[in-house]
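Remarks on the overall topology
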Amino acid sequence: MLFRSRSSRLASGLRLEWQSPPHAGDDEGADSAAAYATVATLRKAARAAFARGARGVLLLATHEAAAEFDRIPVHGDWRGLPRLQLWSAREVIATMGGQDGGAWGGPAAPPRLEPLEALASVGRAAWHSTAVEAVLAAIASGRLYQLCLTFPVRFAPPADPASLFAWLVSRHPVDYAAWVSLPGFELLSASPERFLSLRGRTVTLRPMKGTRGLGQGASDEAAMRELAASVKDRAENVMIADLARNDLGRVCVPGSVRPTALFEVERYASVAQMTSTVRGELREGLDVWDAFAAAFPPGSMTGAPKIEACRMIRELEAGPRGLYAGVLGWVEPDGDAEFSVVIRSLQSRHGEARWDIGGGIVHDSAADAEWAEAWAKFAPLRALTDR
């Protein structure tokens with residue numbers, strides 16, 4: 001089920017078309033032949049589904065799926081979650097989901113989430129501060145320009161995922177919310193970030209970097225103005241916009257890739273976000289699967305350069321990210337597609353749920369400010385854990 005511009009699709013009659021084999025240990029990534037084979041397998045599976053009359057296909061790609069497309073180092077799979085899953089849908093119903101909950105309504109009382117650990121613990125704060133200093137040292141040495149440092153907050157699986165999702169989308173409306181309920185896995189996503197869209201031959205990436213929490217004392221308008229003028233956040237954002245430009249350059253017509261918007265500030269229920277938009281025209285003979293492989297994983301969730309950033313993420317972060325920082329996408333039979341970055345999301349599997357938070361570290365980052373920014377992204381769940 002994918003939301004777009006506050007409208008929604010309800011996909012039913014799901015059938016698993018293909019999933020990647022399990023990876024128990026750390027992985028250095030695929031060579032070009034293996035990456036080409038993965039893209040070909042996705043394309044073949046989608047075509048077979050459409051030939052049987054599928055109304056669309058749903059792709060789930062974990063952060064660790066990056067190793068399926070390039071020499072990108074990652075941890076082993078989170079709780080055995082396949083890195084890539086492609087599901088076809090027999091039926092798709094369009095409905096509405098708006099600011100007041102739309103077709104979903106919203107529970108009168110917020111559901112309860114039970115943390116499995118202390119939230120902002122001293123140990124976690126100390127790890128984060130040490131990790132930020134390690135990233136700053138790597139930037140000073142020339143190893144990196146930016147790294148997206150994240151960590152999970154763990155909960156018991158929600159007793160009623162449907163009510164929790166309805167609560168999230170009614171109070172935190174976004175354009176890319178999704179509830180995916182599959183055997184052994186639930187995803188409740190309130191993501192505001194587009195990863196990639198394809199309309200005809202036009203490919204669009206829209207990375208989101210730069211955050212300010214809202215409703216925290218100073219006026220929201222002042223916070224948004226400060227974000228818009230922030231040299232640090234503009235630098236963070238333009239690095240990833242340039243990375244997006246490079247990614248699209250691998251599959252688009254030479255000279256067609258261009259930024260169409262830079263440093264736009266968007267307002268959401270609990271945060272303001274800075275986004276930029278990069279577009280290009282897909283080369284003849286290529287399709288959505290080629291575009292996906294060229295741009296994955298989302299640069300906003302890795303840093304730059306992408307491969308070295310992923311290497312340091314594996315060094316610093318204690319374990320795999322799972323679907324967080326990965327991608328959820330819907331592909332139409334005509335090849336048009338929409339993919340979101342899986343952020344502001346609760347994923348649940350095998351007795352554990354997690355909501356991950358973090359942010360981009362650049363040369364003038366301060367650990368305390370990055371810590372505060374990370375927890376601003378926890379705001380959608382704050383009311384569910386503070387009682």
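Preceding block: the structure.
Reference entry: report on the structure contained in this document. From a predicted model like this one, the values you see are computed outputs, not experimental measurements.

Definitions and cut-offs
Residues numbered from 1 in each chain as written. Predicted model: local features only at pLDDT ≥ 70, side-chain atom pairs only at ≥ 80, totals over all residues. Heavy atoms only, no water. Helix = DSSP H or I, 4+ residues; strand = E, 2+ residues; numbered from the N terminus. Rg over C-alpha atoms; globule rule 2.2 N^0.38 Å. Buried < 20%, exposed > 50% of the residue type's maximum accessible area, 1.4 Å probe, protein only. Contact = heavy atoms within 4.5 Å. Phe/Tyr/Trp six-rings, centres within 6.5 Å; stacked < 30°, edge-to-face > 60°. Axes fitted to C-alpha atoms, helices over the stretch in contact; angles between N-to-C directions. Left-handed = near helix turned anticlockwise from the far one by under 90°. Nonpolar A, V, L, I, M, F, W, Y, C, P; charged D, E, K, R; others polar. Disulfide = S-S within 2.5 Å. Parallel < 35°, antiparallel > 145°, perpendicular 65-115°, else oblique. Pairing = 2+ DSSP bridges. Expected span 1.5 Å × (residues − 1). Arc of directions from axis to C-beta. Core = buried A, V, L, I, M, F, W, Y, C linked by side-chain atoms within 4.5 Å.

1. Regarding the overall build of the chain
- Secondary structure assignment for the chain yields 9 helices and 17 strands.
- Taken over C-alpha atoms, the radius of gyration comes to 20 Å for the chain, in line with the 21 Å a tight globule of 387 residues would show.
- Taken over the C-alpha atoms alone, the chain extends approximately 55 × 50 × 40 Å along its principal axes.
- The burial tally for the chain puts 59% of its 387 residues in the buried class.
- For the chain, the share of sequence-separated contacts (at least 6 apart) that also reach a separation of at least 24 residues comes to 77%.

2. Some remarks on the packing of aromatic side chains
- Here the structure, examined in full by the defined rule, presents 13 aromatic pairs.
- For the pair Phe 292 and Phe 339, a centre-to-centre distance of 5.5 Å together with 35 degrees between the ring planes defines the contact as tilted. Taken as a pair, Phe 292 in helix H6 (residues 288–295) and Phe 339 in strand E15 (residues 337–341) lie far apart in primary sequence, 47 residues in all. Phe 339 shares its class with Phe 292; the two are buried.
- Seen in terms of ring centroids, Trp 371 and Trp 375 are 5.8 Å apart; in terms of plane orientation they differ by 70 degrees. Their pairing is edge-to-face. A residue pair is termed a helical-turn pair when its members lie 3 or 4 positions apart in one helix, as Trp 371 and Trp 375 do in helix H8 (residues 367–376) at 4 residues.
- Owing to a relative accessible area of 19%, Trp 371 belongs among the buried residues under this scheme.

3. Quick look at the packing of helix H1 (residues 32–51) against H6
- The N-to-C vectors of H1 and H6 enclose an angle of 145 degrees; their axes lie 9 Å apart at closest approach. In the crossing of H1 with H6, the sense of the turn from one axis to the other is right-handed. The residues of H6 that touch H1, namely those facing Val 39, Leu 42, Arg 43 and Ala 46, are Trp 289, Asp 290 and Ala 293.
- Classifying every residue of the contact of H1 with H6 by side-chain character gives 5 nonpolar, no polar and 2 charged.

4. Topic: the state of the cysteines
- This structure, assessed with the given rule, holds 0 disulfides.
- Looking at Cys 148, it has no disulfide partner, and the nearest cysteine sulfur is the one in Cys 310, 10 Å off.
- Given the relative accessible area of 1%, Cys 148 is considered buried.

5. Things to note about the environment of Leu 384
- Among the structural elements, Leu 384 can be located in helix H9 (residues 379–385).
- Separated by 300 residues in sequence, Leu 384 and Leu 84 place their C-alpha atoms 31 Å apart.
- Discounting residues that sit within four places of it in the chain, Leu 384 has contacts with Pro 110, Pro 111, Arg 112, Leu 113, Leu 164 and Trp 167.

6. Observations regarding the packing of helix H2 (residues 122–141) against H8
- Here H2 crosses H8 at 125 degrees, and the two axes come no closer than 9 Å. One finds that H2 runs oblique with respect to H8. In the crossing of H2 with H8, the sense of the turn from one axis to the other is right-handed. Residues Arg 124, Ala 125, His 128, Ser 129 and Val 132 of H2 touch H8, and the partners they reach there are Ala 367, Glu 370, Trp 371 and Trp 375.

7. Side note on the pairing of strand E3 (residues 56–61)
- Among the 6 residues that make up E3, 6 are buried, leaving the element largely enclosed by the rest of the structure.
- Residues of E3 alternate between two faces, with Gly 56, Leu 58 and Leu 60 on one and Val 57, Leu 59 and Ala 61 on the opposite face, all of them buried.
- Here 5 bridges tie E3 to strand E14 (residues 327–331), and the two strands are oriented antiparallel to one another. By the bridge assignment, Val 57 is partnered in E14 with Val 331.

8. As for unusual backbone geometry
- Along the chain, Phe 296 connects to Pro 297 via a cis peptide bond; the corresponding omega equals 0 degrees.
- In this structure, Pro 297 sits in the loop between H6 and strand E13 (303–304).
- With an omega of -5 degrees, the peptide bond between Ala 304 and Pro 305 qualifies as cis.
- Looking at the secondary structure, you find Pro 305 in the loop between E13 and helix H7 (306–316).

9. Structural notes on the pairing of strand E10 (residues 208–213)
- Counted residue by residue, E10 has 5 buried out of 6 residues, so it is predominantly covered.
- The pairing of E10 with strand E12 (residues 271–281) spans 4 bridges and is antiparallel. Note on E12: the bridge partner recorded for Met 208 is Thr 275.

10. Points about H1
- The first and last C-alpha atoms of H1 sit 29 Å apart over 20 residues, in line with the 28 Å expected at 1.5 Å per residue.
- Every buried residue of H1 is accounted for by Ala 35, Thr 38, Val 39, Leu 42, Arg 43, Ala 45, Ala 46, Ala 49 and Phe 50. When H1 is viewed along its axis, its buried side chains cluster within an angular range of 160 degrees and face the same direction. In H1, the exposed positions that point more than 90 degrees away from the buried face belong to Ala 33, Tyr 36, Lys 44, Arg 47 and Ala 51.

11. Focus on the environment of Ile 361
- Among the secondary structure elements, Ile 361 is positioned in strand E17 (residues 352–361).
- Along the backbone, Ile 361 and Leu 227 are 134 residues apart, and their C-alpha atoms lie at a distance of 16 Å.
- What Ile 361 contacts, discounting residues up to four positions off in sequence, is Val 132, Val 135, Leu 136, Ile 139, Tyr 145, Gln 146, Leu 147, Leu 149 and Glu 370.

12. Some remarks on the nonpolar core
- Among the nonpolar cores identified, the biggest contains 51 residues, and Phe 195, Trp 289, Phe 292, Phe 296 and Phe 339 are the most heavily contacted of them.
- If you tally residues by element for this core, the top one is H6, at 7 residues.
- Residues within four places of Phe 292 in sequence aside, it is in contact with Leu 59, Ala 61, Phe 69, Phe 195, Leu 196, Val 327 and Phe 339.
- In terms of nonpolar packing, the next biggest core, distinct from the first, is built from 28 residues, Leu 188, Ala 190, Met 208 and Tyr 268 among them.

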